[in-house]
Amino acid sequence: MNEQQIRLRFMCLKEILQSLSIPNDTFCIGGYTDGGICIERVNDQWMVYFGIRYEYDQLASFFLDDMDDACLLFLHRIVQENVEFSQLQEMYFQKLIKKRLKHSS
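A brief look at the structure comes next.

The rules behind these values
- Residues numbered from 1 in each chain as written.
- Predicted model: local features only at pLDDT ≥ 70, side-chain atom pairs only at ≥ 80, totals over all residues.
- Heavy atoms only, no water.
- Pairing = 2+ DSSP bridges.
- Helix = DSSP H or I, 4+ residues; strand = E, 2+ residues; numbered from the N terminus.
- Axes fitted to C-alpha atoms, helices over the stretch in contact; angles between N-to-C directions.
- Contact = heavy atoms within 4.5 Å.

1. Structural notes on the pairing of strand β2 (residues 37–42)
Working note: regular strand, side chains alternate between the two faces of the sheet. In this sheet, β2 lies alongside strand β1 (residues 27–29) in parallel orientation, the contact comprising 3 bridges. By the bridge assignment for β2, I29 is matched with I39. As judged from the 6 bridges shared by β2 and strand β3 (residues 45–52), these two strands associate in the antiparallel manner. The residue of β3 that forms the bridge with R41 is W46. Adjacent in sequence and paired antiparallel, β2 and β3 are bridged by 2 residues, among which N43 carries a positive phi angle near 55°.

2. A look at the sheet that holds β2
Taking strand neighbours across the sheet as the criterion, the 4 strands line up as β1-β2-β3-β4 in an open arrangement whose pairing is mixed. Edge strands, defined here as strands with exactly one partner in the open sheet, are β1 and β4 (55–63). Averaged over all neighbouring strand pairs, the angle between strand axes comes to 25°, with direction disregarded. Packing of helix α2 (residues 67–79) onto the sheet brings it into contact with β1, β2, β3 and β4, and relative to β2 it is tilted by some 160°.

Next up, the structure:
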(Lines give C-alpha, C1' and ligand atoms only; values in the text may rest on other atoms or scores of the structure.)
Protein backbone atom coordinates (compact mmCIF):
# COMPACT_ATOMS: atom_id res chain seq x y z
CA MET A 1 0.00 0.00 0.00
CA ASN A 2 1.48 3.33 -1.02
CA GLU A 3 1.38 6.63 0.87
CA GLN A 4 -1.48 8.03 -1.21
CA GLN A 5 -3.66 5.01 -0.42
CA ILE A 6 -2.86 5.39 3.28
CA ARG A 7 -3.70 9.12 3.21
CA LEU A 8 -7.03 8.38 1.50
CA ARG A 9 -7.96 5.92 4.22
CA PHE A 10 -6.93 8.31 6.99
CA MET A 11 -9.04 11.06 5.37
CA CYS A 12 -12.02 8.70 5.28
CA LEU A 13 -11.61 7.94 8.99
CA LYS A 14 -11.38 11.61 9.90
CA GLU A 15 -14.42 12.57 7.81
CA ILE A 16 -16.55 9.78 9.26
CA LEU A 17 -15.62 10.69 12.83
CA GLN A 18 -16.31 14.37 12.14
CA SER A 19 -19.69 13.53 10.60
CA LEU A 20 -20.55 11.61 13.79
CA SER A 21 -19.41 14.56 15.97
CA ILE A 22 -16.74 12.48 17.72
CA PRO A 23 -14.44 14.81 19.74
CA ASN A 24 -10.89 15.03 18.33
CA ASP A 25 -9.33 14.32 21.73
CA THR A 26 -10.83 10.81 21.85
CA PHE A 27 -8.75 9.43 18.96
CA CYS A 28 -5.54 9.79 16.98
CA ILE A 29 -5.03 8.78 13.36
CA GLY A 30 -1.42 8.00 12.52
CA GLY A 31 0.01 8.53 15.98
CA TYR A 32 -0.53 8.52 19.74
CA THR A 33 -2.91 10.35 22.03
CA ASP A 34 -3.24 9.79 25.76
CA GLY A 35 -6.65 8.48 26.75
CA GLY A 36 -7.84 7.81 23.22
CA ILE A 37 -8.11 5.14 20.56
CA CYS A 38 -5.18 5.26 18.13
CA ILE A 39 -4.29 3.75 14.78
CA GLU A 40 -0.76 3.86 13.43
CA ARG A 41 1.81 1.96 11.48
CA VAL A 42 4.38 0.34 13.76
CA ASN A 43 7.16 -1.44 11.88
CA ASP A 44 5.47 -3.93 9.55
CA GLN A 45 1.94 -3.80 10.94
CA TRP A 46 -1.04 -1.56 11.72
CA MET A 47 -1.76 -1.19 15.39
CA VAL A 48 -5.09 -0.21 16.92
CA TYR A 49 -4.71 0.56 20.61
CA PHE A 50 -5.84 2.65 23.55
CA GLY A 51 -3.15 5.12 24.65
CA ILE A 52 -2.54 5.16 28.40
CA ARG A 53 0.29 7.24 29.87
CA TYR A 54 2.48 6.78 26.79
CA GLU A 55 1.91 3.05 26.76
CA TYR A 56 -0.09 0.92 24.39
CA ASP A 57 -3.09 -1.05 25.55
CA GLN A 58 -3.17 -3.02 22.32
CA LEU A 59 -6.56 -3.89 20.92
CA ALA A 60 -5.30 -5.53 17.73
CA SER A 61 -2.54 -5.62 15.17
CA PHE A 62 -2.91 -6.21 11.45
CA PHE A 63 -0.60 -6.99 8.56
CA LEU A 64 0.12 -3.94 6.38
CA ASP A 65 -2.17 -5.26 3.62
CA ASP A 66 -5.06 -5.42 6.10
CA MET A 67 -5.31 -1.68 6.66
CA ASP A 68 -9.04 -1.61 5.88
CA ASP A 69 -9.67 -4.13 8.66
CA ALA A 70 -7.60 -2.02 11.05
CA CYS A 71 -9.54 1.11 10.04
CA LEU A 72 -12.88 -0.59 10.61
CA LEU A 73 -11.85 -1.85 14.06
CA PHE A 74 -10.59 1.65 14.91
CA LEU A 75 -13.94 3.19 13.92
CA HIS A 76 -15.93 0.53 15.71
CA ARG A 77 -14.00 0.95 18.97
CA ILE A 78 -14.65 4.67 18.97
CA VAL A 79 -18.34 4.67 18.09
CA GLN A 80 -19.35 1.15 19.14
CA GLU A 81 -22.34 2.23 21.18
CA ASN A 82 -23.71 4.76 18.69
CA VAL A 83 -23.45 3.11 15.26
CA GLU A 84 -23.82 -0.50 14.10
CA PHE A 85 -20.69 -2.10 12.62
CA SER A 86 -22.42 -2.74 9.28
CA GLN A 87 -23.25 0.98 9.03
CA LEU A 88 -19.61 1.87 9.71
CA GLN A 89 -18.47 -0.54 7.00
CA GLU A 90 -20.85 1.02 4.51
CA MET A 91 -19.82 4.57 5.41
CA TYR A 92 -16.12 3.72 5.24
CA PHE A 93 -16.19 1.94 1.90
CA GLN A 94 -18.50 4.53 0.29
CA LYS A 95 -16.11 7.32 1.32
CA LEU A 96 -13.10 5.31 0.15
CA ILE A 97 -14.64 4.65 -3.26
CA LYS A 98 -15.56 8.33 -3.70
CA LYS A 99 -12.03 9.42 -2.76
CA ARG A 100 -10.46 6.89 -5.12
CA LEU A 101 -12.62 8.12 -7.99
CA LYS A 102 -11.84 11.75 -7.17
CA HIS A 103 -8.07 11.14 -7.01
CA SER A 104 -7.94 8.97 -10.14
CA SER A 105 -9.45 11.65 -12.40
